[in-house]
Amino acid sequence: EKEAHRYQTVLQGAVATAEVAYDSLRRVYFAGWRPDADVVAGAGCCVLLFLVWMFAFYEFLYDDDRAEDSGGAGPDKRRSVIVRARTDEASSPQSEVARKWARNTTKQDDEAYLTPDVMMVFHHPTVQLGDEDQRVTPEELQRIFCHVGAASTVAQEYGACFPRVTAAAQGEPTMGGLRHAFFLDVCEYLAGVGMEVKVFSSVDDDEVFVRVSLRDEGIIVHHAERQHWQCQLRKEIVALMGIHQDPQDPASSPPYVPFNKGMVQQLVNAGLLQEGSEVMDVYRTFHGVIPGGSILCAADRIRIILRQISQHIDIDEAEIQGLMVDWFPVHSRTRVEDLRAVWGEAWHDPTFHQPIQTINQYFGPRVAFFFAWTGFYCKALTCLAIPAVLFVALMAASLYLAEGPLALGIAEVGFATCLLVWAVVTLRLWVRQQEFFIKDWDWQLHPESEGHRPGYVGEMRVSEVNDLEQEKRYPPEQAALWWSFSTGVTILFCLVDLICIGIWVAVFQVSVTAQGFDIAAFVMLAVIIKVFEVVYIPVAVYLNELENHRTEEAHTNALVWKIFAFQAINYYAPFFYVILVQPHSTGCPEVVGFGADCVMAIRMELIVTLLALIVLRIVEVGLHFWYIRWQLESELAKVETADGKEVARSYMEEQGKYYEVRDKESIELHMQLLLSLGFVLLFGSVIPIVSVFALVMFVTTLRSAVYMHTHLMKRPIPRRALGIGPWQHLVVGLTVAGILMGGLTLSFHGVLLRDAPTVARVSFCLAWFAGGLAVFAVATLLLPSEDPTTALLVRRRAYVESRLHTKLGTAMLTSRKDGLSPAQRRVLRVASAAKALRQAENWGVLAEERWGE
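By convention here, each chain's residues receive numbers from 1 onward along its written sequence. pLDDT decides what is reported in this predicted model: residues at 70 or higher carry local features, side-chain atom pairs at 80 or more are listed and counted, and totals for whole chains, interfaces and linings draw on all residues regardless. To get the side-chain values, take all heavy atoms of the structure and skip hydrogens and water.

Quick word on the overall build of the chain
For step 1, the next point in the chain: Broken down by element type, the chain carries 28 helices and 13 strands.
For step 2, the next point in the chain: Exposed residues in this analysis have more than 50% of their type's maximum accessible area, buried residues have under 20%, and partly exposed residues fall in between, with area computed by a 1.4 Å probe over protein chains only. Burial analysis of the chain (853 residues in total) assigns 51% to the buried set.
For step 3, the next point in the chain: Whether two residues touch is decided by their heavy atoms; if any such pair falls within 4.5 Å, the residues are in contact. In the chain, of all internal contacts separated by at least 6 residues, the share reaching a separation of at least 24 is 76%.
For step 4, the next point in the chain: The method behind every accessible area is Shrake-Rupley, applied with a 1.4 Å probe, and residues are considered shielded solely by the protein chains displayed. Total accessible area computed for the chain in this model is approximately 38,700 Å², and 60% of it derives from carbon and sulfur atoms. Each helix corresponds to a stretch of at least 4 residues labelled H or I by DSSP, and each strand to a stretch of at least 2 residues labelled E; elements are numbered beginning at the N terminus.

Given below as C-alpha cells:
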C-alpha cells in the first residue's frame, strides 16, 4: 500500500508539472489562446472517418498494376518470313547511282516484309534539294562522329568503318557527295555488325527508308553476351531446380542474370536440361515479330541497335546537318492493335488500370514509369476527391447554419489534416510501388551505362578513370560559365513574369462581390500563365543545350529543374500573393456576406483560374489532336504514280509522319501533371474542390497520352530509367511545402485562429509544420520503400540464384567476371570450393589447395 501510494503521488506530481509546463508554454507562445474544443473534436472525427475510408479504398478498391499481362509475351499468329536484305554498293556517278536505286529499291508492302526495329530515312538520290554543292566543314563532321576530337580527324578515327565518308571528307566535301557516302557506309556498317538491312523507296520516290532489324538469333546471342545483357530466367528452370513458387504471384518473378550461352551446356551437365536444348529453354522468350521467339524483347533489340549506332555517330546531329531525314523505332502493328484493345480504348475504365508490364516491354521503362505514376495518382486523387466534395458541401452549408463558424472551422481543420495525411501516405505508397518495379525489372544493379550523350561536345583528353584511354571532355570553366548564363536568363524570365503578375494585380484586381467579380480578370491571368509557358520552354531547351551536359540523365534533370523553377513561379505566384502578401499590403478584398476575407477571395480566384487552365488544357489537347490528324491526312493522302494509279503509304512509311515525342514534349507532359498536383498540395487546405480539378487534369492527360501512344505517336526510344527520376524529388518538395502552406493558411486565414494574437498564429504554424514532418517520419517508418511483396521478390530471387550457384558452381552466371562485383566473385569462389570439397575423396588435401580462396 505504501508503494502504491508513493507511485500515485509521483504520478500526480508529474501531471501537475506537465500542466504547469503547458500553461507556461501557452502563455509564452500562444498568448493565452485556447483552441475551440468542439472544432478539434469535430475535426478529429472527420480525420478518423477519412483514415477508415483510405484503408478501405487501398485495401479493397485499389489495383497496384503489378501483375503480369498476357499481352507481354503472347505468340503472334501473324508472322512473316525474315528477309535478309542486300545492300548494293555504288561507286559510280550520281546518274548510275540513281539507276541502281531504281532497280534495287522496291515499294514497301506490309505483308511481304517483317516489321523492323528501327527505321532510318534518307534523301532519295534522284531528288535535287538545291544544296548538293554546299561545302561541309570538318567541324560539322566532327559533331556527327562521336569520338572525333580537335586533335584527330574522321579519317583517323573511322577510316575502316566509314570508308566512303572518309574519302569524301578529303579536300572540300560537298553535301550531295557526303549524303550518298554516309548512307552507303551506314548501311554497310549495320549489315557488317549483323543487323538485317532492307532498303525501299517511299511511294512518292522522294525518300529512302532503311529498315534495320535484329532478327537472327545467333546475332542476338552474340550481342547479348558481348554486352553482358541481363536476361530473365524461365519459370520452368526455377521449377526444374526443385523450387515451387506461385506463377501468378508478382513476387515469383525469376531473377535476371548476365546472359551466357554456355549456361545451356552447364544445365545439361547438371541434369536439369536434356541434350539439344537451346538458350530459349533457359531464358525468358518474347514472341512477336520473330518466328519462334527471342530472348530479347523489342525494346531490348532497339536499345542494342541504337547503342551500336551511337558508339560511332550522332544520328540526331546527322539529321540536323541534313545527311539524313529522320530516324525512329518502328511500331509493330499487331502489338499496337493489342495495346489499343486492352489499354487504348479503355476510356470508361474507372479503375485506371495500366498494363505496366506490357508497356515496359514495348515502350521501355521510362514510358512505363510515367504511366505507372500517372495511373497511381489518378487512383489516389479519386480517393481524396470524394471526401473533398463532402468537405466542400460542409463549407457551403456553414453559410446557412446557425453554427456556421463551427462547421466551417471543422471543415477547414479536418480537411487540412486529411490532406496532410493523404499527401504523406500517398507519397510513401508510390515510393513502394516504384521500388517494386525497379526491383522487378532489375534496374537497381544494372543501370544504363553512363556513356556520353550523343550531342555532347568536347575534346579528346586523357580519361579521368584510366590514363591509358582517352575520352571526350568539356572544360569545367566553360561549363560553369554557361550554367551561370542560363541561370541568369531563367532568373530574368522569373522577374519579368512577376512584374507582369504585379501589373495584373494592379490593373485587374477588383472586389470579389456578386456584382463586381470580374471573371475576365482571372481568365486573363490564365492566359498570361500559358503565354509565359509557351515562350519560356523553348528558351529553356536552348539554354540547356548550351550547358552541354555529358550524360542523358544530367541533361534531362537540368532541363526539368529549369522548367519547374520558372513554372512554379508562373503558376503559383498569384495565389501566394493573395494568401501571404495582400493581407498585409492592400488588404483582403471585400466579399459579400464575409467582409474582408482573403480565404474566400483565393477560393474564387482558384476556382475560376483553374477552370480556365483546365479548359485551355483541353483545348490545347484537342487542337493538338486535330493538327496531328490533319497533318497525317494530308501527308498520308494517296500518291498518284507515273502510270496513273493511286498508292497509299504503308504502315511503316506512315509512321514517319507521326508525331514525335522527345525530352521537351515528355517534360511538358510531366510538368502539367506535377503543377496540378502542386495546386492540391499547396492550396488544397484552402479549397478542397481543387482535388477534383486536379483529378480531371490527370484523367484528361492520362487518356490523351494513352491515345497518342497507340494511335498518333512515333514509338518512343525505350530508354531505361530508375523510377521517375527528378520528378520524385519535386513531389517530395511540394509535399513539404504543402505542409507549411497548410499551417500558414490555418494560422492566418482559418476560423480556428481568427481572433488569436500574432504570436499564437506563428506558434501554431510552426507546431503544425513540426507535426507534419513528424507524420512524414512516422509514415516513412511504417511504410518503408520495400513493401512485403518487394522484399519477398528479392528473397525469392536470391534463393533461386543461390540454388543455381549450388547446381552449377563457378561457371554459373558468366564466362567472364568483368560484369560481377567483388562480392559476387567471392560468392562464386566459395560456391565452387564447396562443391569441389563435397566431390573430393581427399578432403584435407583439397581444403589446403582451394578453401583458402
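Notes on helix 25 (residues 758–782)
For step 1, the next point in the chain: Between its first and last C-alpha, helix 25 extends 36 Å over 25 residues, near the 36 Å set by a 1.5 Å rise per residue.
For step 2, the next point in the chain: When helix 25 is considered as a whole, its buried residues turn out to be Ala760, Arg761, Ser763, Phe764, Cys765, Trp768, Gly772, Phe776 and Ala779. How far a helix is expected to stretch is found by multiplying one less than its residue total by 1.5 Å.

What about the nonpolar core?
For step 1, the next point in the chain: Among the nonpolar cores identified, the biggest contains 141 residues, and Phe371, Trp373, Tyr377, Trp422, Tyr572, Phe679 and Phe683 are the most heavily contacted of them.
For step 2, the next point in the chain: For this core, the leading source of residues is helix 15 (residues 365–397), giving 18 residues.
For step 3, the next point in the chain: Take the buried residues of types Ala, Val, Leu, Ile, Met, Phe, Trp, Tyr and Cys, join any two whose side-chain atoms come within 4.5 Å, and each joined set is a nonpolar core. Judged by nonpolar contacts, the second largest core, of 68 residues, contains Leu141, Leu178, Tyr189 and Leu804.

Regarding the side chain of Gln728
For step 1, the next point in the chain: Mapping Gln728 onto the fold places it in helix 24 (residues 726–749).
For step 2, the next point in the chain: For Gln728, a relative accessible area of 12% gives the class buried.
For step 3, the next point in the chain: Polar contacts, as used here, are pairs of N or O atoms within 3.5 Å; protein pairs need one atom able to donate a hydrogen and one able to accept it. Residues neighboring in sequence count only if both atoms are side-chain atoms. For Gln728, the side chain forms a polar contact with the side chain of Trp430, separated by 3.0 Å.
For step 4, the next point in the chain: When residues no more than four places from it in sequence are discounted, the contact partners of Gln728 are Leu427, Trp430, Val431 and Gln434.

Description of the packing of helix 16 (residues 404–440) against helix 22 (residues 663–683)
For step 1, the next point in the chain: Here an angle of 0 to 180 degrees is reported between the N-to-C directions of two axes, which are lines fitted to C-alpha atoms, with helices fitted over the stretch in contact. Relative to each other, helix 16 and helix 22 sit at 140°, their axes nearing to 9 Å. As summarised for this structure, helix 16 and helix 22 are arranged oblique, according to the angle between their axes. Contact with helix 16, carried on its side by Leu419, Trp422 and Ala423, involves Leu677, Val680 and Leu681 of helix 22 and no other residues of that element.
For step 2, the next point in the chain: Each residue gets one label: Ala, Val, Leu, Ile, Met, Phe, Trp, Tyr, Cys and Pro are nonpolar, Asp, Glu, Lys and Arg are charged, and the others, such as Gly, are polar. Grouping the amino acids of the contact of helix 16 with helix 22 by side-chain chemistry returns 6 nonpolar, no polar and no charged. Just so you know how the angles are binned, under 35 degrees is roughly parallel, over 145 roughly antiparallel, 65 to 115 roughly perpendicular, and the rest oblique.

Overview of helix 14 (residues 356–363)
For step 1, the next point in the chain: Along helix 14, 8 of the 8 residues are buried, which leaves the element largely enclosed by surrounding structure.
For step 2, the next point in the chain: Contact partners of the buried residues in helix 14: helix 11 (298–310), helix 13 (333–344), helix 15, helix 16 and helix 23 (690–712).
For step 3, the next point in the chain: Where helix 14 ends, the next residue or the one after it, Gly364, has phi of about 100°, a positive value.

Examining the environment of Val165
For step 1, the next point in the chain: For Val165, the position within the fold is in helix 6 (residues 163–169).
For step 2, the next point in the chain: Separated by 13 residues in the primary sequence, Val165 and Leu178 place their C-alpha atoms 6.3 Å from one another.

Thoughts on unusual backbone geometry
For step 1, the next point in the chain: The backbone of His228 sits at a positive phi, close to 50°, despite the residue not being glycine.
For step 2, the next point in the chain: Phi is positive for Phe352, close to 55°, though the residue is something other than glycine.
For step 3, the next point in the chain: By secondary structure assignment, the location of Phe352 is in the loop between helix 13 and helix 14.

Details of the pattern of salt bridges
For step 1, the next point in the chain: Think of a salt bridge as a Lys or Arg side-chain nitrogen and an Asp or Glu carboxyl oxygen that are within 4 Å of each other. Following the criterion strictly, the structure yields 22 salt bridges and no others.
For step 2, the next point in the chain: Put simply, Arg301 and Asp117 hold a salt bridge, and the shortest N to O gap is 3.4 Å. Taken together, the positions of Arg301 in helix 11 and Asp117 in the loop between strand 1 (106–107) and strand 2 (118–123) put the pair 184 residues apart, joining distant regions of the chain. Asp117 carries the same exposure label as Arg301, and that label is buried.
For step 3, the next point in the chain: Residue Asp440 pairs with Arg797 through a salt bridge whose shortest N-O separation is 3.3 Å. Of the two residues, Asp440 is situated in helix 16 and Arg797 in helix 26 (residues 788–808); the sequence distance between them amounts to 357 residues. Arg797 matches Asp440 in its accessibility class, with the two residues each being buried.
For step 4, the next point in the chain: Several salt bridges share partner residues, and in doing so they unite Asp64, Arg66 and Asp787 into one network.

Re the confidence of the model for the chain
For step 1, the next point in the chain: pLDDT measures how confident the predictor is about each residue, on a scale from 0 to 100. Scored by pLDDT, the chain has a mean of 80; 82% of the residues are at 70 or more.
For step 2, the next point in the chain: The low-confidence segment residues 70–113 (pLDDT under 50) makes 85 contacts with residues lying over four places distant or belonging to another chain.

Some points on a nonpolar patch on the surface
For step 1, the next point in the chain: Candidates for patches are residues over 30% relative accessible area with no salt bridge; among them, like charges are joined within 9 Å and nonpolar side chains (Val, Leu, Ile, Met, Phe, Trp, Tyr) within 5 Å. The grouping of Ile519, Val523, Met524, Val527, Val531 and Val535 at the surface amounts to a nonpolar patch, some 450 Å² of accessible area in total.
For step 2, the next point in the chain: Here Val531 is to be found in helix 18 (residues 519–547).
For step 3, the next point in the chain: For Val531, a relative accessible area of 45% puts it in the partly exposed group.

Re the packing of aromatic side chains
For step 1, the next point in the chain: Ring pairs shown here join Phe, Tyr and Trp side chains whose ring centres sit within 6.5 Å, with only the six-membered ring taken for Trp; geometry is labelled stacked below 30 degrees between planes, edge-to-face above 60, and tilted in between. The full count for this structure, using the stated rule, is 36 aromatic pairs.
For step 2, the next point in the chain: Seen in terms of ring centroids, Trp343 and Phe371 are 4.8 Å apart; in terms of plane orientation they differ by 80°. Their pairing is edge-to-face. Highlighted residues: Trp343 in helix 13 and Phe371 in helix 15, separated in sequence by 28 residues.
For step 3, the next point in the chain: Looking at Trp343, the relative accessible area reads 2%, which means it is buried.
For step 4, the next point in the chain: An aromatic cluster of three or more residues is present, and its members are Trp53, Phe57, Tyr58, Tyr62, Trp373, Phe376, Tyr377, Trp430 and Phe698.
For step 5, the next point in the chain: Note on geometry: a ring has a charge over it if NZ (lysine) or CZ (arginine) is within 6 Å of the ring centre and within 35 degrees of the ring normal. Its end group placed over the ring of Tyr7, Arg6 keeps NZ or CZ at 4.9 Å from the ring centre.
For step 6, the next point in the chain: The positively charged end of Arg333 is found above the aromatic ring belonging to Tyr651, 4.3 Å away from the centroid.

As for the packing of helix 19 (residues 552–581) against helix 22
For step 1, the next point in the chain: It is at 10 Å that the axes of helix 19 and helix 22 come closest, and there the two elements cross at 35°. Seen along the crossing, helix 19 lies across helix 22 with a hand that is right-handed.
For step 2, the next point in the chain: Of the residues in the contact of helix 19 with helix 22, the class split is 17 nonpolar, 5 polar and 2 charged. Handedness of each helix crossing follows the sense of rotation of the near helix against the far helix: counterclockwise by less than a right angle gives left-handed, clockwise gives right-handed.

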